[in-house]
Amino acid sequence: MIEKNKQNLTLVRVYTDDGNCDLDKVLDTLSNNQAIIGLTVFRGIAGFGPHHKLHKATFIDLSAKLPIVIEFFHKTEEVEKIINNMHQLIKKAHIVNWAVNLSF
């Protein structure tokens with residue numbers, strides 16, 4: 001049987017790109033100032049936003065405004081404040097969230 005954490009948790013996913021995000025500052029804020037429970041950053045090899053301009057990785061490019069997804073979970077009652085801070089830290093971001101159960 002899987003034991004479930006009884007806390008109300010929300011998973012937040014932030015979509016942006018490495019040209020619009022100071023990732024070190026975002027991670028520092030989430031780790032130290034917000035003290036979130038867990039976080040993972042994914043770097044995409046290709047993606048596009050609302051203007052449908054495709055950005056993709058090649059062997060020649062070192063920085064191609066590649067997509068970045070920052071995903072974290074935290075206590076539901078604190079997530080709205082954290083999302084507002086994310087909008088201030090990241091120039092252009094699409095942020096989605098939903099309720100989750102934590103199993104371990």
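Asker: What's the story with the overall build of the protein chain in this structure? I'm lost.
Answerer: A tally of regular secondary structure across the protein chain gives two helices and six strands. The secondary structure elements of the protein chain, listed N-terminal to C-terminal, are β-α-β-β-β-β-α-β. Within the protein chain, buried positions represent 33% of all 104 residues. Sequence separation of at least 24 residues holds for 80% of the intrachain contacts in the protein chain that already meet a minimum separation of 6. When the accessible area of the protein chain is evaluated, it comes to approximately 7,300 Å², of which 53% is carbon and sulfur surface.

Asker: Is there a simple way to explain the environment of G47 in this structure?
Answerer: Here G47 shows up in strand 3 (residues 46–47). Residues within four places of G47 in sequence aside, it is in contact with K53, L54, H55 and P67.

Asker: Which parts of the structure should I look at to understand the nonpolar core?
Answerer: Burial of nonpolar side chains together is a common tendency in soluble globular proteins. Counting residues in each nonpolar core, the largest one holds 16 residues, and the members touching the most others are V14, L30, I70 and F72. The element that contributes the greatest number of residues to this core is helix 2 (residues 76–89), accounting for four residues. Those residues in contact with F72 that sit more than four places away from it in its chain are T10, L11, V12, V14, L30, I36, G38, L39 and I82.

Asker: Could you clarify how one ought to interpret the sheet that holds strand 6 (residues 94–100) in this entry?
Answerer: Strand pairing within a sheet occurs via backbone hydrogen bonds; the two strands may be parallel or antiparallel. The four strands are arranged 2-5-1-6 in an open sheet whose pairing can be described as antiparallel. Each end of this open sheet is capped by a strand with a single partner; those strands are strand 2 (38–43) and strand 6. For this sheet, the mean inter-axis angle between neighbouring strands, taken without regard to orientation, is 15 degrees. Where strand 1 (residues 9–17) lies against strand 5 (residues 67–75), nine bridges are found, and the strand directions are antiparallel. Along strand 5, the bridge assignment pairs Y15 with V69. With respect to the sheet, helix 2 is in contact with strand 1, strand 5 and strand 6, its orientation differing from that of strand 5 by roughly 150 degrees.

Asker: I keep staring at the side chain of D17 and nothing clicks. Help me out?
Answerer: By the secondary structure assignment, D17 is in strand 1. Among the polar contacts listed, one links the side chain of D17 to the backbone nitrogen of G19, at a separation of 2.8 Å. Aside from chain neighbours lying at most four places away, what touches D17 is K65, L66, P67 and I68.

Asker: Explain helix 1 (residues 23–33) here, please?
Answerer: In an α-helix, one turn spans 3.6 residues, which is why side chains three or four residues apart end up on the same side. Residues of helix 1 that are buried include every one of V26, T29 and L30, and no others. One side of helix 1 carries all its buried residues, which in axial view fall inside an arc of 90 degrees. In helix 1, the exposed positions that point more than 90 degrees away from the buried face belong to D24 and N32. Where helix 1 is buried, its residues meet strand 2, strand 5 and helix 2.

Reading the values: rules and limits
- Residues numbered from 1 in each chain as written.
- Predicted model: local features only at pLDDT ≥ 70, side-chain atom pairs only at ≥ 80, totals over all residues.
- Heavy atoms only, no water.
- Helix = DSSP H or I, 4+ residues; strand = E, 2+ residues; numbered from the N terminus.
- Buried < 20%, exposed > 50% of the residue type's maximum accessible area, 1.4 Å probe, protein only.
- Contact = heavy atoms within 4.5 Å.
- Areas by Shrake-Rupley, 256 points an atom, 1.4 Å probe, with all protein chains shown as cover.
- Core = buried A, V, L, I, M, F, W, Y, C linked by side-chain atoms within 4.5 Å.
- Pairing = 2+ DSSP bridges.
- Axes fitted to C-alpha atoms, helices over the stretch in contact; angles between N-to-C directions.
- Polar contact = N/O pair within 3.5 Å; in protein donor to acceptor, adjacent residues only side chain to side chain.
- Arc of directions from axis to C-beta.

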